[in-house]
Amino acid sequence: MRHPENPILTPGDFLPSQQAMKIECLLNPGVFRFDGKTWMLIRVAERPEQRAGEISFPLLDDDGRIAVMRVDAASPDLDLTDPRVISYRGDDYLTTMSHLRLASSTDGVHFAEEAGYTGLFASDRYEAYGIEDCRVTQIGDTYYLTYTAVSANGVAVRMRATADWRTFDDYGVVLPPHNKDCTLFDSRIGDLYYMLHRPSSPEIGGNYIWIAQSPDLRHWGNHRCVARTRPGMWDSARIGAGCAPIRTDKGWLAIYHGADERNRYCLGALLLDADDPSKVLARSDRPIMEPTAPYECTGFFGNTVFTNGHVVDGDRIVLYYGAADSVICRADFTVSGILATLG
Ligand code: MAN
């Protein structure tokens, strides 16, 4: 059920990271409980104020400073067909650069920044085009962050860990390009840690959900393909995991996003075997959530609901999602309700 106060956060709720920038959209928050509150790690996408006759976009330069690239809007070498990407002279850039901002809430609806918690910004050449869509998995007292690091080197998965949300241990790039939508499971299965991730194989294969395992959270191996796109269905073009799968008495419930050829992003669910989560026991024939509300249908990238964060309390799932790649919303589900749709 969508929250009646949706959207619960919009770009105007935050100040840009620096004066020269404008916040274009808020997207896809990671979500966790900390210090008795619900927190989001929000993807904030910024770009310079656009001037007539010119397309400008930010990136990190070799000295780690934000630089602005400017291109003549009339240039025949420019391709702007996807609002998320700028193709110029054969190279692809992003129209916006994202960082990850922290906000907390005592009621799960009204979120605000807290002094002392600055979040994460692009830090080096593997993040030169920004950092995005962070999943947060708590294991013991440590929170593991798996996010998309974008640069001229490609789209990769980077991992950091924190216990206090002020200092972060860097695990580096854990999955090289092209890979995104990575989430850790919140407990070991047997002796091993597990993650879901989404490599892309452009010629043969596609954008499928894979699983990997690790003895120590640093070394990942035994990669296996868990789920593929399904021709003719709502998840025909690409799929990717949301946040940490939920342990249920039927197995692991993993909420995922799927897009079709028209780039319509919906949410569905996978039920994975409790002991061997590479095995799919059931999968949504129809989405558990589709973009239907006006704030989901129209925006920076319309017809999109995308999640990588929720909190679970017993049967209740409070899910946070990006709508139309523009604003942040909340929808409540139950574990039993989703399991019932899986038959
Ligand atoms: C896609 C979209 C964008 C994102 C880039 C890089 O184009 O998901 O929002 O910025 O990939 O990850």
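The shown structure was predicted, so the numbers you read here are calculated from the model rather than taken from an experiment.

Conventions we followed
- Residue numbers here run from 1 along each chain, matching the order of that chain's written sequence.
- Predicted model: local features are reported for residues with pLDDT of at least 70 only, side-chain atom pairs are reported and counted for 80 or more only, and whole-chain, interface and lining totals are derived from all residues.
- Excluding hydrogens and water, the side-chain figures rest on all heavy atoms present in the structure.
- Residues are said to line a cavity or pocket when one of their atoms sits within 4 Å of a point; the points come from a 1 Å grid over protein atoms alone, cavities being sets where a 1.4 Å probe fits but cannot get out and pockets being open sets with protein on both sides within 12 Å along at least five of seven lines.
- Grid points are joined across faces, edges and corners, and a volume is the space filled by probe spheres set on the points.
- Counting from the N terminus, the helices are the DSSP runs of H or I reaching at least four residues and the strands are the DSSP runs of E reaching at least two.
- Each Phe, Tyr or Trp ring (for Trp, its six-membered ring) is paired with any other whose centre lies within 6.5 Å, and the angle between the two planes then decides the class: stacked below 30 degrees, edge-to-face above 60, tilted in between.
- The cut-offs for exposure are 20% and 50% of the maximum accessible area for each residue type, with area from a 1.4 Å probe on protein chains only; residues under the lower value are buried, those over the upper are exposed, and the others partly exposed.
- Criterion for a charge above a ring: Lys NZ or Arg CZ within 6 Å of the ring centre, and within 35 degrees of the ring normal.
- Any residue with a heavy atom lying within 4 Å of a molecule or strand is counted as near it.
- Pairs of N or O atoms are called polar contacts if they sit within 3.5 Å, as long as, within protein, a hydrogen donor faces a hydrogen acceptor (for residues adjacent in sequence, only side-chain-to-side-chain pairs).
- A cavity or pocket is said to hold a molecule if more than half of that molecule's atoms lie within 2 Å of its grid points.
- Gly is placed with the polar residues, together with every amino acid not listed as nonpolar (Ala, Val, Leu, Ile, Met, Phe, Trp, Tyr, Cys and Pro) or charged (Asp, Glu, Lys and Arg).
- The salt bridge definition used is simple: a Lys or Arg side-chain nitrogen within 4 Å of an Asp or Glu carboxyl oxygen.

Asker: Outline the layout of surface pockets, supporting the account with residue identities and numerical values.
Answerer: Its boundaries defined by the atoms lining it, the largest pocket holds a volume of some 910 Å³. Considering the residues around the largest pocket, the lining is formed by 38 residues, among which Arg 84, Val 85, Leu 94, Val 155 and Lys 180 are closest to the centre. Of all the elements in the fold, those that place two or more residues in the lining of the largest pocket are β1 (21-34), β2 (37-48), β7 (91-94), β9 (130-139), β10 (142-151), β11 (154-162) and β13 (179-184). It is β7 that contributes the most residues to the lining of the largest pocket, 4 residues altogether. Looking at the second largest pocket, its volume works out to about 340 Å³. Residue lining of the second largest pocket: 15 residues in total, with Asp 186, Ala 244, His 310, Val 311 and Val 312 positioned closest to the centre. Looking at the lining of the second largest pocket, the elements with two or more residues in it are β1, β9, β18 (246-248) and β22 (305-313).

Asker: Describe the packing of aromatic side chains, listing the residues and the values that go with them.
Answerer: Per the stated rule, a full pass over the model turns up 18 aromatic pairs. Relative to Tyr 320, the ring of Phe 111 has its centre 5.6 Å away and its plane inclined at 85 degrees; by these criteria the two rings are edge-to-face. One end of the pair, Phe 111, is in the loop between β8 (97-105) and β9; the other, Tyr 320, is in strand β23 (residues 316-323), with 209 residues separating them in the sequence. Given the relative accessible area of 1%, Tyr 320 is considered buried. Relative to Phe 168, the ring of Trp 165 has its centre 5.9 Å away and its plane inclined at 75 degrees; by these criteria the two rings are edge-to-face. In this pair, the class of Trp 165 matches that of Phe 168, namely buried. One Lys or Arg, Arg 84, reaches over the ring of Phe 301 and ends 3.9 Å from the middle of that ring.

Asker: Report on the site of the ligand, specifying residues and quantitative values.
Answerer: Residues in contact with the ligand, as listed here, are Arg 43, Arg 84, Leu 94, Glu 132, Thr 148, Val 150 and Lys 180. Contact distances for the ligand include 3.1 Å between an oxygen atom and a side-chain N or O atom of Arg 43. Lys 180 places a polar side-chain atom, nitrogen or oxygen, 3.0 Å from an oxygen atom of the ligand. Cavity membership is defined here by more than half of the atoms lying within 2 Å of grid points; on that basis the ligand lies in the largest pocket. Per-class residue counts for the shell around the ligand are 2 nonpolar, 1 polar and 4 charged.

Asker: Which residues make up the pattern of salt bridges, and what values do they have?
Answerer: Any two side chains of opposite charge can pair if their charged atoms end up close together. For the structure shown, the criterion picks out 25 salt bridges. Residues Glu 54 and Arg 70 are paired through a salt bridge, measuring 2.9 Å at the closest nitrogen-oxygen approach. Here Arg 70 lies in strand β4 (residues 66-72) and Glu 54 lies in strand β3 (residues 54-60), a separation of 16 residues in the sequence. Residue Arg 264 pairs with Glu 290 through a salt bridge whose shortest N-O separation is 3.0 Å.

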